[in-house]
Amino acid sequence: MATAAATPTGRTSAFDRHDAPEVEKVLDCIHCGFCLPTCPTYLVLGNEMDNPRGRIYLIRLASEGQIGLTPNFVKHMYSCLLCRACETACPSSVQFGSLMEAARGQVERHYARPLAERWLRRFIFSLFPYPERTRRALALVRLSQWTGVPALLRGTGLLKALSRSLAMMDALLPPPGAVPAARPLPEVTPAQGPRRARVGLLTGCVQRVLFGAVNEATVRVLARSGCEVVVPPEQGCCGSLQAHEGELEPAKAFARRTIEVFERAGVDAVIVNAAGCGSVMKEYHDLLREDAAWRDRAAAFSKKVRDVSQFLVGLDGDARLGDVRLTVTYHDACHLVHGQKVRTEPRALLKRIPGLRLVDLKESEFCCGSAGIYNLVEPELSLRYLDRKLDRIAETGAEMVVSGNPGCNLQIAMGLRQRRLPIRTGHPVELLDLAYRAAGR
Ligand code: SF4
Ligand code: SF4
């Protein structure tokens, strides 16, 4: 374990030296407050310590040894959605995501969480990063649904009383029959027509189990756009959930493995269709900044990572798309719009589709409350953000809401079901795939 750092005031920092929040990044904050109106937690909770400026101040105090890693400190670090809307608003280019992940890393190393929290986190991190375990757990849940026990627990409110997090997991799960069984993807799919690029596809963890159709659509669209698509079977989790939650060592191990796998595949670009994964993969060099053996490899890898919409727009695709007669609205996933600055590309792709009417979503950049595992560890708070999102979606009159992140799609779909709103959810690449099919391709 790295030792605690001494501070200029002679106090002992609450942080150790290993992956500590960088002082220069803390000092970038000029306390202007421009970020405050964009911060969902500040808008909902109204507390200075639940906005970016307040959180950076707390990190500074802990770094200088003026406060310790108290329950209060931990509360404000984890009430943050890590949506990074503050980064988009900040005139001083504060790297808030990097600071927060480093602060959380310190919490995870030095703070003794209550037992129930520890178990919940252990359960989450031993399940979701492993698609095969998640698939088996899902099969068990589906089996138990035949017995009627889950419905009874839900109906009597017992499930919620037992654990609000479990009740949230239950609510998030799409109804039986709504998730087609994910089919294995070919290791190599040839390009249609002249080959323009050889790309690798990250299939994700939740995406692979619950949204296999999105991966299939991504492969088809890329192949039709002239790409040879490689899906390395040995790929695993990218480490994004762990990185956002401060579980830095497991996140780094997943990152190293992902880099190795795609290096071996010899691809021109690594395509990602899940915003949270793409965001962390584009920042592997920051995650591995203290690892001299991997830093440069990580930087070279990160340069190849592209969100699928970004890549397809860059390919300047052909115009042979058929009609898709739908009214659609677009929700900006935080880790796409704020984490990767991908804002116009998905909209540009949707506008290429004949017959599709794209309607504006007010506050499209406001977090839906999914935020990695936030909806599981902070279910009540998460629902408050979702409510605001659903109000805005309902105003659009759209038949479908699309976003580039599986977590957002699960969260929004749950809210739409609960409000009985007849609006479907999807990924932009699925609509592009439909348009190709409508053109008979
Ligand atoms: S990441 Fe999002 S929730 Fe956290 S401080 Fe920034 S704007 Fe607020
Ligand atoms: S906008 Fe940037 S510099 Fe200003 S208070 Fe927020 S984080 Fe600090």
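See above for the structure.
Residues numbered from 1 in each chain as written. Chains lettered and ligands numbered in written order. Predicted model: local features only at pLDDT ≥ 70, side-chain atom pairs only at ≥ 80, totals over all residues. Heavy atoms only, no water.

**Here we look at the overall build of the protein**
Scanning the protein for helices and strands turns up 25 helices and eleven strands. By the compact-globule yardstick of 22 Å for 441 residues, the protein fits well, its C-alpha radius of gyration being 22 Å. Along the three orthogonal principal directions, the C-alpha set of the protein runs to about 70 × 55 × 40 Å. Across the 441 residues in the protein, those meeting the buried criterion constitute 56%. Taking contacts inside the protein between residues at least 6 apart in sequence as the whole, the part at least 24 apart equals 77%. (Helix = DSSP H or I, 4+ residues; strand = E, 2+ residues; numbered from the N terminus. Rg over C-alpha atoms; globule rule 2.2 N^0.38 Å. Buried < 20%, exposed > 50% of the residue type's maximum accessible area, 1.4 Å probe, protein only. Contact = heavy atoms within 4.5 Å.)

**Quick look at the environment of Val107**
Structurally, the position occupied by Val107 is in helix H6 (residues 96–110). Sequence spacing of Val107 and Ala14 is 93 residues, and the spatial spacing of their C-alpha atoms is 9.5 Å. If we ignore the near neighbours within four places in the chain, the residues touching Val107 are Leu69, Phe73, Val74, Tyr78 and Arg113.

**Brief notes about the sheet that holds strand E7 (residues 305–307)**
Overall, mixed pairing links the five strands, which are arranged E3-E5-E4-E6-E7 in an open sheet. Strands with a single pairing partner mark the edges of an open sheet, and in this sheet they are strand E3 (188–189) and E7. Two elements, E3 and strand E5 (residues 227–230), share two bridges in a ladder whose sense is antiparallel. Looking at E5, one finds that Val188 is bridged to Val230. Those strands touched by helix H18 (residues 295–304) are strand E6 (269–272) and E7, and its axis lies near 30° from that of E7. Along the sheet, helix H19 (residues 308–315) contacts strand E4 (197–202), E5, E6 and E7; its crossing angle with E7, the most-contacted strand, is approximately 90°. (Pairing = 2+ DSSP bridges. Axes fitted to C-alpha atoms, helices over the stretch in contact; angles between N-to-C directions.)

**A short note on the site of ligand 1**
In the vicinity of ligand 1 there are 13 residues, among which Cys39, Arg55, Cys80, Cys83 and Cys86 approach most closely. Of all the secondary-structure elements, those providing two or more residues to the shell around ligand 1 are helix H2 (40–45), helix H3 (52–63) and helix H5 (85–89). Taken together, the residues of the shell around ligand 1 sort by class into ten nonpolar, one polar and two charged. (Near = heavy atom within 4 Å. Nonpolar A, V, L, I, M, F, W, Y, C, P; charged D, E, K, R; others polar.)

**A word on the site of ligand 2**
Around ligand 2, the structure places 13 residues, and the nearest of them are Cys29, Cys32, Gly33, Cys35 and Cys90. Partitioning the shell around ligand 2 into residue classes produces nine nonpolar, three polar and one charged.

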